[in-house]
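Structure at a glance
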Amino acid sequence: MKFIPMTAIAAAVCSALLPVAAQAQGAAPVDELDEVVVSSRVVRDGYEAPTPTSVLGLAEIQANAPSNIANFVNQLPSFAGSNTPSVTTGSVSAGLAGINSLNLRGLSSNALSRTLVLLDGRRVPASVATGLVDINTIPQELVTRVDIVTGGASAAWGSDALAGVVNFTLDKKFTGLKGTAQGTSTTYGDNLGFNFSLTGGTGFADDRGHVILSGEVAHSAGIKGLPRDWYKGYKTLLNPAYTATNGQPRLIVRSNSGYRVATPGLIITAGPLRDTYFGPGGVPGKLNTGSLAGTTGFVGGDWAYADFGRTGDLEAKISRQSVFGRVSFDLTENVEVFAEASYGTSQIYSDAIDQFNLGNLTIRADNPFLPANLAAILLADGQPNYAAGSLNADLPPLAADNTRSLKRYTLGINGGFNVAGKEWTWNAYAQTSRTNIVNKALTTVTSRYRNAIDAVRNSSGSIVCRINADASTTNDDPACVPYNIFGTGTASQPAINYVSGTGELHTELTQDVIAASVQGEPLSSWAGPISVAAGVEHRREKVDSSIDAFSNTNLAVNQYFAGNFRPTIGSYNVNEAFLETVVPLAADQAWAKSLDLNAAVRATDYSASGSVSTWKVGLTYSPIDDITLRATRSRDIRAPSLSELFAVGIAGTSTLLDPFRANASTTLVTVTSGNLGLTPEKADTTGVGIVFKPRFLSGFTASVDYYTIDIKGAIAAFDAPTIVNGCFVGISTLCSGIVRDSTGVITRVNASPFNANSQKARGIDIEASYRKSLDSLNSSWAGNMTLRLFATHYLENFTDFANPASVDTETVGVNTTLGPPNWRYLASLSYDNGPATVSLTGRGLSSGVYSNEYLECTTSCPTSTVAVTTTDNNHIASAFYLDAALSYQVKESTSLFLTVANVLN
């Protein structure tokens, strides 16, 4: 066994993000273009596969020294709109805070995944009931390569590979001892963090067996609020001067803008005291609404006081710990058995936002906390109630406190055999996993808050809640404590405790898998051996969840300001079988250096949603050694998630207008639940591309690929009026959600997800790599230079909504969380010479817009509509980031790493 010492260093460098790492290595890097098998079940190089495959090798991963490998992978241009801890800090009710997921092509939503994640070719269990996989659960210290298939791969790998596949490959034969000590800080001294890992591996029984154990502890302190000077209070406001005919834009974009309907204490938004706010200690003041004051917002004046853009955390606080163990043993020269066990847990905390009430509160003139002189003005006005708003600064911000843990156990066997002189390989495994999730929303209880802020004096002169003022009436809540909402620092701690609450969701996800496959070359054509891969898989997915007792008293009522979780309970089984082949059609001909056919088919049977078939046909054609043309056509799927199928039904009474009965008002029961009638989403994926590997420029390879993905039956949720109106205009899929009595009157609507939408995505991927030994250019030069480029040009990401009230949307170029930019790119240049390696990485995105449904104009604007909304600014600037990395091998066993992300800040 080889023991390798570890070294830890610390440094202070002015940059936007500075991880400092010292890593001792016990394994040599693999070439980033090693053979990969994730694009299909048949071994092919990433550039040679018919489906484009990008490969990140160990050298690239180590050179960047990422504190989390998901952050590194998400920098690739083919990913857009992925959930990261920075993006999900405000995702309290969805329970996604802290998730680090992957979103190829921007085709997933913020909760649902269309990207399949594999670990050594085996499906990684979901981290939430919607199907997203948290990459934090991957044993990152052992990752030696990441393969990204940027195209449909369901025929080879199964459901969720609609947009593509990401496979993390582990070093399963690591020998020695290695460790990493990493510290992180920003230029501003926040988001302090560390990452410690230790990995050991050794052979035993004369190297017939091998054992590996790896552990990791990581922590990031997060960034409270938004303490950055680049925040200028930009907001999109309703133009107060707009009319339908005066040619002005309906929306205006301004910096230094605040809300007129909420302040940290309280602001009165109507009546003779409009714009009167209550500050520290309850002292009243008049809000300076500056210019362009509308009904909800204004520019200048006291904008910073009336703005809550800084209250949510910029980065969540995250702690994670993991341990991974693997034991393998060669039973014979051709048969190996192995066992793996892993445990990972993460804890995430983030403040999301103030618990705001934007002008939707009601105060009364007889509230004893209201100063007497102001109460007299309201009483003289003669109105009993007045609208008001508050950011509730005396309350803690709305916060997410989530814990996720994953236990995974795998037993497997693989080997090879010879039949009629033909070599075959085979493998089989059984895997079980348990994911336990605790989502907590630290929030307020809506009914208690409303009762507590409505205070009066009782007959004895004491301030009490109005519901407790008269002992002769029903005493709704004897525990009610009056809450002084007029100002900051005015609410008592007992009142804060009374209105505060915690919504909780406890979920256990279970995944059990048994699978086997075989690969070989049983036959040969005139052009070479025919490769075949086949396999079967049985999988069981199960969810069981429960919510806090208070929420469970009435599922039809949202008890909290946010975090009103609902349980999901159910399970389904999947049986699958696949067959794939690569058939050489020509080789070493005058017209073809090579021509290969790649075809695959998979039959899948879901106990919940029926049977479906997926397939793929691909061709690779090299007329000469320098050029390869490739094309694929495939049918891919995403099966309904556990939450879409099994969300527990919540019944409530509502009233709507029935267009089938001349818009007669109808009172009915609305049941919001999952839908067991859902079927898998289906996508037809086409890709064509060219690979250029010129012999006159040794070490250079480039590829350009065009893709189009057409999704039918995309799953989306609908409310009761949308279902009824959609059915009326001919969307037959929605009609199944309507229940009528014998007279034709609607008695119930099942407000559930339906296979009703469609979506289309198109784009172009560009990838190039060049490696050159400098002494080949000049004998006095030393070292190697490596250049790598990734770029994606998104052409279309269009959703055709079944909802008749929705506007069909094109999201390409929307540089918000709603869509991918027109261009994303990443280019890296590295130089290695002996013990030192230095690299620079530039990454960025093109300029874009706030919405493709906006029309930018300042004068002579047409009348604004829902489909075409006028605005005076629909431009979001491009962005460019520069990263730098330096590594130095102190001695054979120890290397130091220094990486600076976002050098230009």
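Residues numbered from 1 in each chain as written. Predicted model: local features only at pLDDT ≥ 70, side-chain atom pairs only at ≥ 80, totals over all residues. Heavy atoms only, no water.

**A look at the overall build of the chain**
The cut-off we apply is this: Put simply, DSSP marks the helices as runs of H or I at least four residues long and the strands as runs of E at least two long, and each gets a number from the N terminus on. As defined in this context, the radius of gyration uses C-alpha atoms, and a globule is described by 2.2 Å times the residue total to the power 0.38. Using a 1.4 Å probe on the protein chains alone, a residue whose accessible area is under 20% of its type maximum counts as buried, one over 50% counts as exposed, and one in between counts as partly exposed. Contact criterion: two residues are considered in contact whenever any of their non-hydrogen atoms come within 4.5 Å of each other. Method for areas: the Shrake-Rupley scheme with a 1.4 Å probe, in which residue coverage is limited to the protein chains shown. Counting rule applied: Lys, Arg positive; Asp, Glu negative; His and chain ends not counted. By convention, the charge on Lys lies at NZ, on Arg at CZ, on Asp at CG and on Glu at CD.
Of regular secondary structure, the chain possesses ten helices and 45 strands. Taken over the C-alpha trace, the chain has a radius of gyration of 30 Å; the compact-globule value for 905 residues is 29 Å, and the two agree within 12%. Principal-axis analysis of the C-alpha atoms gives the chain an extent of 100 × 75 × 60 Å. A buried classification covers 53% of the 905 residues belonging to the chain. Taking the intrachain contacts of the chain between residues at least 6 apart in sequence as the baseline, contacts between residues at least 24 apart amount to 69%. Put simply, the chain shows about 36700 Å² of open surface, and 57% of that area lies on carbon and sulfur atoms. Positive and negative charge centroids in the chain, built from 62 and 75 side chains respectively, lie 2 Å apart.

**A few points about unusual backbone geometry**
We note that D206 has phi near 55°; this positive angle belongs to a residue other than glycine. The topology assignment puts D206 in the loop between β8 (193-204) and β9 (209-220).

**A look at helix α4 (residues 372-381)**
Counting along an α-helix, one turn takes 3.6 residues, and residues three or four places apart therefore face a common direction. In plain terms, the rule: This arc corresponds to the set of directions leading from the helix axis out to the C-beta atoms.
Taken together, the buried positions of α4 are L374, A375 and L378. End-on view of α4: buried residues confined to an arc of 100°, all on one side of the axis. Turned more than 90 degrees off the buried face of α4, the exposed positions are A372, N373, L379 and A380. Check the buried side of α4 and you find it contacts β14 (276-278), β15 (284-286) and β20 (385-390). Trailing α4 by a residue or two, G382 shows a phi angle of about 85°, which is positive.

**What about the sheet that holds strand β2 (residues 53-57)?**
Short version of the rule: Here, any two strands with at least 2 DSSP bridges between them count as paired.
Ordered by their spatial adjacency, five strands build an open sheet running β2-β5-β6-β3-β4, and the pairing between neighbours is mixed. The strands lining the two open edges of the sheet, one partner per strand, are β2 and β4 (122-123). Here strand β3 (residues 115-119) runs beside β4; their pairing, made up of two bridges, is antiparallel. Residue pairing in the sheet places L118 in a bridge with R123 of β4.

**Description of the packing of aromatic side chains**
Selection criterion: When the centres of two rings from Phe, Tyr and Trp lie within 6.5 Å, Trp using its six-membered ring, the rings pair. Their planes under 30 degrees apart give stacked, over 60 give edge-to-face, and anything left gives tilted. Either the NZ atom of lysine or the CZ atom of arginine qualifies as a charge over a ring when it sits within 6 Å of the ring centre and within 35 degrees of the ring normal.
Per the counting criterion, the structure on display carries 16 aromatic pairs. Considering the side-chain rings of F204 and F329, the 6.2 Å spacing of their centres and the 25° angle between planes classify their relative orientation as stacked. Here the residue F204 occupies a position in strand β8, and F329 occupies one in strand β17 (residues 317-330), the gap between them amounting to 125 residues. Taking the centre distance of 6.3 Å and the plane angle of 35° together, the rings of W591 and Y621 count as tilted. Residue W591 is located in the loop between β27 (570-587) and β28 (594-606), and its partner Y621 is located in strand β29 (residues 610-624); the two are separated by 30 residues in the primary sequence. A residue is classified by how much of its surface remains accessible, and Y621, at 23% relative accessible area, is partly exposed. The structure contains a cluster of three or more aromatic residues connected by ring pairs, namely Y259, F308, F356 and F561. Of note, K178 hangs over the ring of F174, and the distance from its end group to the ring centre comes to 5.0 Å. The aromatic ring of F550 is capped on one face by R448, whose charged end is 5.5 Å from the ring centroid.

**Describing the state of the cysteines**
Here is the rule we go by: Note on terminology: pairs of cysteine sulfur atoms within 2.5 Å are recorded as disulfides.
Following the criterion strictly, the structure yields three disulfides and no others. The residue that forms a disulfide with C727 is C735, at a sulfur-sulfur distance of 2.1 Å. Here C727 and C735 share a disulfide; its torsion about the S-S bond, 100°, makes the bridge right-handed. Using a relative accessible area of 12% as the deciding quantity, one classes C727 as buried.

**Quick look at the pairing of β20**
Relative to β20, strand β13 (residues 266-268) runs antiparallel, the two sharing two bridges. When the sheet's bridge partners are listed, I268 is paired in β20 with A388. Sheet analysis places strand β19 (residues 357-364) next to β20, joined by five bridges and oriented antiparallel. For N357, the partnering residue across the bridge sits in β20 and is S390.

**Considerations on the sheet that holds strand β36 (residues 746-751)**
Just so we agree on the cut-off: Axis lines are fitted through C-alpha atoms, for helices just across the contact stretch, and the angle between N-to-C directions can take any value from 0 to 180 degrees.
What the four strands build is an open sheet, ordered β31-β32-β36-β35; its pairing is mixed. Both edges of this open sheet fall to β31 (650-658) and β35 (738-740), since each of them pairs with a single strand only. Each adjacent strand pair in this sheet contributes to an overall mean axis angle of 30°, direction not counted. Strands in contact with helix α9 (residues 720-728) are β31, β32 (664-672), β35 and β36; relative to β36, the strand with the most contacts, it is inclined by about 105°.

**Some details on the pairing of strand β44 (residues 879-891)**
Note that strand β41 (residues 836-845) and β44 share ten bridges and pair antiparallel. Bridging across to β44, T837 finds its partner in S887. Alignment of β44 against strand β45 (residues 894-900), held across seven bridges, turns out to be antiparallel. Across the sheet, residue A884 finds its bridge partner in β45, namely V900. Between β44 and β45, which follow one another and run antiparallel, lie two residues.

**Details of the nonpolar core**
Going by this rule: We define a nonpolar core as any set of buried Ala, Val, Leu, Ile, Met, Phe, Trp, Tyr and Cys residues linked to one another through side-chain atoms lying within 4.5 Å.
The biggest cluster of nonpolar side chains holds 40 residues, and the ones touching the most others in it are I135, V146 and F168. Looking at this core, the elements that each hand over two or more residues are α2 (69-73), β3, β5 (143-149), β6 (164-170), β34 (700-717) and β38 (784-800). If we ignore the near neighbours within four places in the chain, the residues touching F168 are I69, V73, L102, V117, L118, L119, D120, I135, I138, V143, R145 and V146. Judged by nonpolar contacts, the second largest core, of 28 residues, contains I268, L361, Y386 and V499.

**Some details on the pattern of salt bridges**
Definition in use: Salt bridge, as used here, is a side-chain nitrogen of Lys or Arg placed within 4 Å of a carboxyl oxygen of Asp or Glu.
Evaluation of the coordinates by the stated rule reveals 39 salt bridges. As a salt-bridge pair, D832 and R771 come within 3.8 Å of each other at their nearest N and O atoms. Here R771 lies in strand β37 (residues 753-773) and D832 lies in strand β40 (residues 823-833), a separation of 61 residues in the sequence. Among the residues examined, R771 registers a relative accessible area of 41% and is labelled partly exposed. Shared partners join several salt bridges into a network, and the residues in it are E537, R539, E541, E576 and R602.

**A short note on the environment of I711**
Considering the arrangement of structural elements, one finds I711 in strand β34. Note: C-alpha distance between I711 and T685 (26 residues apart in sequence) is 8.6 Å. Ignoring any residue separated from it by four or fewer positions in sequence, one finds I711 in contact with L107, R114, L162, E681, K682, A683, S758 and Q759.

**A few points about α9**
Among all positions in α9, only A720, T722, I723, V724, G726 and C727 are buried. On its buried side, α9 packs onto β31, β32, α10 (732-735), β35, β36 and β37. Residue G730 follows α9 closely and has a positive phi angle near 110°.

**Thoughts on a nonpolar patch on the surface**
Basically, it comes down to this: Patches here are clusters of residues that have more than 30% relative accessible area and form no salt bridge, with a 9 Å joining cutoff for like charges and a 5 Å cutoff for nonpolar side chains (Val, Leu, Ile, Met, Phe, Trp, Tyr).
Together, L579, V601, W615 and V617 line one region of the surface with nonpolar side chains, adding up to about 320 Å² of accessible area. Looking at the secondary structure, you find L579 in strand β27. The exposure class of L579 is partly exposed, given its relative accessible area of 44%.

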